[in-house]
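Reading the structure
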There are 2 protein chains.
Amino acid sequence: MSARPIPEATVQRLPVYLRMLLDLADRSTTTVSSEALASSVGVNPAKIRKDLSFLGSYGTRGVGYDVDYLIHQISRALGLTHDWSTAIVGLGNLGQALANYGGFAERGFRIAALLDVDPDLVGQTVAGHEVLHVDELDRVVKEEEIAIGVLTVPERRAQEVADRLVAAGVTSILNFAPSLLSVPEHVSLRKVDLSIELQVLTFYEQRRQAEQALGLREHADAAADADAAASGQEPEPT
Amino acid sequence: MSARPIPEATVQRLPVYLRMLLDLADRSTTTVSSEALASSVGVNPAKIRKDLSFLGSYGTRGVGYDVDYLIHQISRALGLTHDWSTAIVGLGNLGQALANYGGFAERGFRIAALLDVDPDLVGQTVAGHEVLHVDELDRVVKEEEIAIGVLTVPERRAQEVADRLVAAGVTSILNFAPSLLSVPEHVSLRKVDLSIELQVLTFYEQRRQAEQALGLREHADAAADADAAASGQEPEPT
């Protein structure tokens, strides 16, 4: 790893670069320019070059970056080159979807425990794991050396379960509940908002609809002009 | 809206600012400085001020931005001040979780239709909606004026369903399947990677563990020093 500390904003962009690079690798693309990466990520090329320089990655002038090597460097920087034991607490639809989500294992997240309080769920098998009662949290976190907890419980229970995860020794929490949580300073907390990407879509959808409306108006104007020309009159200013 | 076009990178950051601002509003915070917003978002303050200037929002020197007004401006820019009819295709665990996800309705995404091909699901009620067969897509997209399709089908079916959404007139697709999809140029496509935030967590988790290992080594060094001092010897260089 680079000796220079990686700024927080860069850390947040690395997984996005990684996602794009994995897509490129899937398409058998072997090199990528910072410009091409920039246009697919929506960050300017200079920023990408700067971000990657923190990993000691500078690319080759006129060629760009080696996709596979860059994937390796980013994965290493993000700590994805070894497995992370992860517990999912809350086995409702979202918890079950995440337990079955192929994308986790692919990135080095090993589901080590599934926990819930619902007697209908405890003892059931989900994604090949027996669902444990939350009361077993302390034991399983120690036994499985779980560092990361994924919270998919109802909003009203999220803080209580977060407290239990912290008490059991979990130091990273990913919260899917819409709640605001408080955790001690030594614990990392991230919140997932599933509607973020939808909001990017609506920006473009709104623009598209505005352009269409404008197109229709221009079309109507052109038609009015043509009518006016046919009748030998000057068109009215619009 | 501002006359200046909003850059794509800014568009992608606006939902993140919005999420933070909504958290602040939940905490009854009425004003926020670009510095405070920056530190919670992980973007530098100058960048945030520039991003917000595209919305015509400049804040007040020494006071910052009015939280509620900024929420309104960003929501308007993102097209969130009116409702968007949305269809979810694929009512497995993830589709059902999204159908029940409170965060969508809150941001103006109205679930207008749920569709699947599974005979066990078609006709069932999920989140208050009858699940329709995908063959009804054309009809329901027109009747409900659906602009946005959310894809939560298995990977192998994602492209086929995306094609059907496009053929039915849907112009924005949010893809939760891990597949790479091709869509015509006039269609906006965003992919959600549920492991992105986990990867930010592992960065910090990895650093924390490295620091701990270093702390243990320093502790061991200090203990060795103390031992050496107690025995009247110089400690060995480590």
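Use the structure listed above.
What comes next is a walk through the structure.

Calculation notes
- Residues numbered from 1 in each chain as written.
- Chains lettered and ligands numbered in written order.
- Predicted model: local features only at pLDDT ≥ 70, side-chain atom pairs only at ≥ 80, totals over all residues.
- Heavy atoms only, no water.
- Pairing = 2+ DSSP bridges.
- Helix = DSSP H or I, 4+ residues; strand = E, 2+ residues; numbered from the N terminus.
- Core = buried A, V, L, I, M, F, W, Y, C linked by side-chain atoms within 4.5 Å.
- Buried < 20%, exposed > 50% of the residue type's maximum accessible area, 1.4 Å probe, protein only.
- Contact = heavy atoms within 4.5 Å.
- Phe/Tyr/Trp six-rings, centres within 6.5 Å; stacked < 30°, edge-to-face > 60°.
- Arc of directions from axis to C-beta.
- Least-squares fit on C-alpha atoms with pLDDT ≥ 70 in both.
- Axes fitted to C-alpha atoms, helices over the stretch in contact; angles between N-to-C directions.
- Parallel < 35°, antiparallel > 145°, perpendicular 65-115°, else oblique.
- Left-handed = near helix turned anticlockwise from the far one by under 90°.
- Polar contact = N/O pair within 3.5 Å; in protein donor to acceptor, adjacent residues only side chain to side chain.

Here we come to the sheet that holds strand β8 (residues 172–175) of chain B. Residues and elements named next belong to chain B. Taking strand neighbours across the sheet as the criterion, the seven strands line up as β5-β6-β4-β3-β7-β8-β9 in an open arrangement whose pairing is mixed. At either margin of the open sheet sits one strand with a lone partner, and together these are β5 (125–126) and β9 (188–191). As paired strands, strand β3 (residues 84–89) and strand β4 (residues 109–116) are joined by six bridges and run parallel to one another. Bridge pairing links threonine 86 to isoleucine 111 in β4.

Formed by 108 residues in total, the largest nonpolar core has its most connected members in Ile74 and Leu194 of chain A together with Ile74 and Leu194 of chain B. Each residue touching isoleucine 74 of chain B, except ones within four places of it in the same chain, is listed here: Leu14, Tyr17, Leu18, Leu21, Leu52 and Leu55 of chain B.

On to the packing of aromatic side chains. Residue and element names in this part refer to chain A. In the structure shown here, the tally under the stated rule is six aromatic pairs over all chains. Between phenylalanine 104 and phenylalanine 109, the aromatic rings sit 6.3 Å apart at their centres with planes inclined by 70°, giving edge-to-face as the arrangement. Here phenylalanine 104 matches phenylalanine 109 in class, with each residue buried. For the ring pair phenylalanine 203 and tyrosine 204, a centre distance of 5.0 Å and an interplane angle of 90° mean the geometry is edge-to-face. We note that phenylalanine 203, like tyrosine 204, is buried. Feature note: the residues Tyr101, Phe104 and Phe109 constitute an aromatic cluster, connected by ring pairs.

All right, on to helix α2 (residues 34–41) of chain B then. All names here are of chain B. Every buried residue belonging to α2 is among Ser34, Leu37, Ala38 and Val41, and all of these are buried. Across the axial projection of α2, the buried residues extend over an arc of 105°, all falling on one side. Trailing α2 by a residue or two, glycine 42 shows a phi angle of about 85°, which is positive.

Before going further, it helps to spend a moment on the relation of the copies chain A and chain B. Least-squares fitting of chain A to chain B yields an RMSD of 0.0 Å, with the transformation described by 0.0 Å of translation along the axis and a rotation of 180°. Accordingly, the operation relating the two chain copies is best matched by a two-fold axis. For chain A, the minimum C-alpha distance to the rotation axis belongs to asparagine 93 of chain A and amounts to 2.4 Å. Most of the interface of chain A is mirrored in chain B: 100% of its interface residues are interface residues there too.

Right, let's get into the pairing of strand β3 (residues 84–89) of chain A. All names here are of chain A. For β3, the buried fraction is high: six of the six residues fall into the buried class. Here β3 shows no split at all, with Trp84, Thr86 and Ile88 on one side and Ser85, Ala87 and Val89 on the other all buried. Pairing analysis gives four bridges linking β3 to strand β7 (residues 148–151), with the strands arranged parallel. Bridged to valine 89 within β7 is leucine 151.

Here we take up the sheet that holds strand β9 (residues 188–191) of chain A. Neighbouring strands of a sheet are bound in pairs by backbone hydrogen bonds; such pairs are parallel or else antiparallel. All names here are of chain A. Judged by pairing direction, the sheet is mixed, and its seven strands sit side by side in the order β5-β6-β4-β3-β7-β8-β9 without closing on themselves. Single-partner strands in this sheet number two, and they are β5 (125–126) and β9. The sheet contact formed by strand β8 (residues 172–175) and β9 spans four bridges and is parallel. Within β9, the position partnered with isoleucine 173 by the bridge is leucine 189. Those strands touched by helix α8 (residues 158–168) are β3, β7 and β8, and its axis lies near 170° from that of β7.

So, on to the packing of helix α1 (residues 8–26) of chain B against α2 of chain B. All names here are of chain B. Where α1 contacts α2, the two axes come as close as 10 Å, and the packing angle between them is 110°. When the axes of α1 and α2 are compared, the pair comes out roughly perpendicular. Considering how the two elements wind past one another, α1 and α2 form a crossing that is right-handed. Where α1 abuts α2, its residues Val16, Tyr17, Met20, Leu21 and Leu24 lie against Leu37, Ser40 and Val41.

Considering the arrangement of structural elements, one finds arginine 190 of chain B in strand β9. With a relative accessible area of 15%, arginine 190 of chain B lands in the buried category. If near-sequence neighbours (up to four positions away) are discounted, arginine 190 of chain B is found in contact with Glu197, Val200 and Leu201 of chain A together with Gln12, Ile173, Leu174 and Asn175 of chain B. Within the local environment of arginine 190 of chain B, its side chain forms a polar contact with the side chain of glutamine 12 of chain B, the two groups lying 3.2 Å apart.

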